[in-house]
Amino acid sequence: MRAGVLARAGGRQNGTMQRVLSGIQPTADSFHLGNYLGALRNWVTLQDTSEAFYAVVDLHAITVPTDPEVLLERTRTSFAQLLALGVDPAKSTIFVQSQVPAHAELAWLMQCITGFGEASRMTQFKDKSAKSGASNASVGLFTYPILQAADILAYSADVVPVGEDQRQHLELTRDLAQRFNARFGETFVVPEPLILKGAARVADLQTPTAKMSKSAPPGCLELLETQQALTKKIKRAVTDSVGVVAYDPQEQPGVANLLEILAALTNSSIPEVTGQFAGSGYGALKGAVADAVVSFAVPVATATREYLADPATLDDIMNAGAAKAQAVAGAKVADAYAAMGLRR
Ligand code: TRP
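So, a few notes on the structure that sits alongside this text. (Residues numbered from 1 in each chain as written. Predicted model: local features only at pLDDT ≥ 70, side-chain atom pairs only at ≥ 80, totals over all residues. Heavy atoms only, no water.)

So, the overall build of the protein
Broken down by element type, the protein carries 13 helices and 5 strands. On C-alpha atoms alone, the protein measures out to a radius of gyration of 21 Å, which is about the 20 Å that the 2.2 N^0.38 rule sets for 344 residues. Across its three principal axes, the protein shows a C-alpha extent of roughly 70 × 45 × 40 Å. Counting over 344 residues, the protein shows a buried share of 49%. (Helix = DSSP H or I, 4+ residues; strand = E, 2+ residues; numbered from the N terminus. Rg over C-alpha atoms; globule rule 2.2 N^0.38 Å. Buried < 20%, exposed > 50% of the residue type's maximum accessible area, 1.4 Å probe, protein only.)

Spelled out as C-alpha cells, the structure:
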C-alpha cells in the first residue's frame, strides 16, 4: 500500500509537539560565542516547546581531510559542551551522528534520487571546494547536503533551526522529500526551515564586518578559553575613531558588535545597553562586555571539563542518545527501504 501511510504518524511520541532536528559539526576544539548566540542558545529554548533531536554531525566533518584522533576528541568535546550549555538529555535526544547507522543508510537512498546537476548547484560546495581546488574536493563534500537531508528526513522533523547559510540545503531537503513521496508513496515529512533571524549575529572582533569564525582566532571568542584570553581579545577589539558609544552598524561596526554581544548575554535590548554607556568611552563598554562574556563562558568551560573528566558517564549519555535516535530513524529508514523495493 503506497498512499494510506501518514508520514507524520511514524514514531511520534506526542502528536501535538512539533519535532525539531538540528546538527553541528565537530570541526573545532571549542564552540565559539557566535555558535552559541547564533544557534545553540535556541537549541536550549526549543527543547521546552518541541520534541528535539540534536546531533554532533561527525560524518559531515570527514568530508574534508580530518585526523582521526582529533576528530574523536572534538566529537566528545562538542558533545560535552552541548550538555554544559544546557542541552538536556532528559528533554531532548542528543547524539553522535556516526553512532546511528540510519543516517548513512538513508543518505544512499537520497543520493539515488538526487540529480547530479541539482547537487552541482549547491553554493556551499562551490565555495568550499574552490578553496582546495575543485578537483581535490571529495565526493563526500559534494554529497554533504544529501547526508544533511537524510539527517532531517529520518526524524520526520517539522522544523529545522539553521543559519541563513543553510537555506539552500533546506530547500534541497524539501525537494527530495516531496520527490520521494511522489514516486514511492507518502513517507517523509516536508520540513520547514527556522532561519534564526532574532538570533544575534556575532561578528569577528578584529574584522567586525565578517562573521566570527574559528579560522580567525584573534577575533574569535572560544567558549573553552581562559578568562584572561577572553578578556584580552575583548580589550583588543577593533572599534573606530568616532569615540561615542552609539549603535550604528554601518559607521561603527565594531562598537555595534560589542553592544549586540552585551545585549544578547544580558537579555537586554540594544537601546537599553546603548543607553547605559551614554557619555562613557569604549573602555567602559569593553569592560562590561568582558564581564558578561567571562561570567557566561567560564562556568560552561568548567562544566565541559567535568563531563570530559568522567568518560564512562559521557559514554553512557552518548550511547543512550544514539539508541533513542536509532529507534526513531531506523523505523523511518525501514519504511523508505520498503517503499523503494529494497528488502531488509
Ligand atoms: N550543515 C549544517 C551546518 O553547517 C550542519 C548540519 C548537518 C545540519 N546536518 C544537519 C543542520 C541537519 C541542521 C540539520 O550548519
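Side note on unusual backbone geometry
Residue Ser 156 is not a glycine yet carries a positive backbone phi of 50°. Considering the arrangement of structural elements, one finds Ser 156 in the loop between helix H7 (139-153) and strand S4 (159-162). The phi dihedral of Asn 267 is positive, around 50°, even though this residue is not glycine. Relative to the elements of secondary structure, Asn 267 occurs in the loop between helix H10 (253-265) and helix H11 (270-276).

A few points about the pattern of salt bridges
The full count for this structure, using the stated rule, is 8 salt bridges. When the shortest N-O distance is used, the salt bridge between Asp 315 and Arg 76 registers 2.9 Å. Linking Asp 315 in helix H13 (residues 311-340) with Arg 76 in helix H3 (residues 68-85), this pair joins segments that are 239 residues apart in sequence. Residue Arg 76 is classed as partly exposed on the basis of its relative accessible area, which comes to 23%. (Salt bridge = Lys/Arg side-chain N within 4 Å of Asp/Glu carboxyl O.)

Digging into the site of the ligand
Neighbouring residues of the ligand: Leu 21, Ser 22, Gly 23, Val 57, His 60, Tyr 144, Gln 148, Asp 151, Ile 152, Val 160, Val 162 and Gln 166. Within the side chain of Tyr 144, a nitrogen or oxygen atom sits 2.7 Å from a nitrogen atom of the ligand. The contact in question runs from a nitrogen atom of the ligand to an N or O atom on the side chain of Gln 166, over 3.0 Å. For the ligand, the accessible surface in isolation is 370 Å², of which the surrounding protein chains cover 88%. Listed by contribution, the elements that provide at least two residues to the shell around the ligand are strand S1 (18-24), H7 and S4. Sort the elements by how many residues they give to the shell around the ligand and H7 lands first, with 4 residues. (Near = heavy atom within 4 Å. Polar contact = N/O pair within 3.5 Å; in protein donor to acceptor, adjacent residues only side chain to side chain. Areas by Shrake-Rupley, 256 points an atom, 1.4 Å probe, with all protein chains shown as cover.)

Quick look at the packing of aromatic side chains
In this structure the tally under the stated criterion is 8 aromatic pairs. Aromatic side chains Trp 43 and Tyr 54 sit 4.5 Å apart centroid to centroid with 5° between the ring planes, which places their arrangement in the stacked category. Residue Trp 43 is located in helix H1 (residues 33-49), and its partner Tyr 54 is located in strand S2 (residues 50-56); the two are separated by 11 residues in the primary sequence. A relative accessible area of 1% places Trp 43 in the buried class. On the accessibility criterion, Tyr 54 (0% relative accessible area) is buried. In this structure an aromatic cluster arises from ring pairing among Phe 53, Phe 95 and Tyr 155. (Phe/Tyr/Trp six-rings, centres within 6.5 Å; stacked < 30°, edge-to-face > 60°.)

Let's talk about H7
The end-to-end C-alpha separation of H7 is 21 Å, in line with the 21 Å expected for 15 residues at 1.5 Å each. The principal kink in H7, of about 40°, is found at Pro 145. Judged by how many residues are buried, H7 sits mostly within the fold: 13 of 15 residues are covered. (Expected span 1.5 Å × (residues − 1). Bend = angle between axes of the 7 residues up to and from the residue.)

Let's talk about the packing of helix H4 (residues 102-111) against H13
Packing of H4 against H13 brings their axes to within 9 Å, and their N-to-C directions diverge by 25°. Taken together, the axes of H4 and H13 are roughly parallel relative to one another. Along this stretch, H4 crosses H13, giving a crossing that reads as left-handed. Here Ala 102, Glu 105, Leu 106 and Leu 109 of H4 come into contact with H13, specifically with Gln 326, Ala 329, Gly 330, Val 333, Ala 336, Tyr 337 and Met 340. When its residues are assigned to classes, the contact of H4 with H13 shows 8 nonpolar, 2 polar and 1 charged. (Axes fitted to C-alpha atoms, helices over the stretch in contact; angles between N-to-C directions. Parallel < 35°, antiparallel > 145°, perpendicular 65-115°, else oblique. Left-handed = near helix turned anticlockwise from the far one by under 90°. Contact = heavy atoms within 4.5 Å. Nonpolar A, V, L, I, M, F, W, Y, C, P; charged D, E, K, R; others polar.)

Side note on the nonpolar core
With 57 residues, the main nonpolar core has Leu 33, Phe 79, Leu 285, Val 293 and Phe 296 as its most contacted residues. Here this core takes 11 residues from helix H12 (residues 282-308), the largest share from any one element. When near neighbours in sequence (up to four residues on either side) are disregarded, Val 293 contacts Leu 33, Leu 221, Leu 230, Ile 234, Ile 261 and Leu 265. The next biggest cluster of nonpolar side chains, apart from the first, holds 44 residues, and it includes Leu 21, Phe 95, Phe 125 and Leu 176. (Core = buried A, V, L, I, M, F, W, Y, C linked by side-chain atoms within 4.5 Å.)

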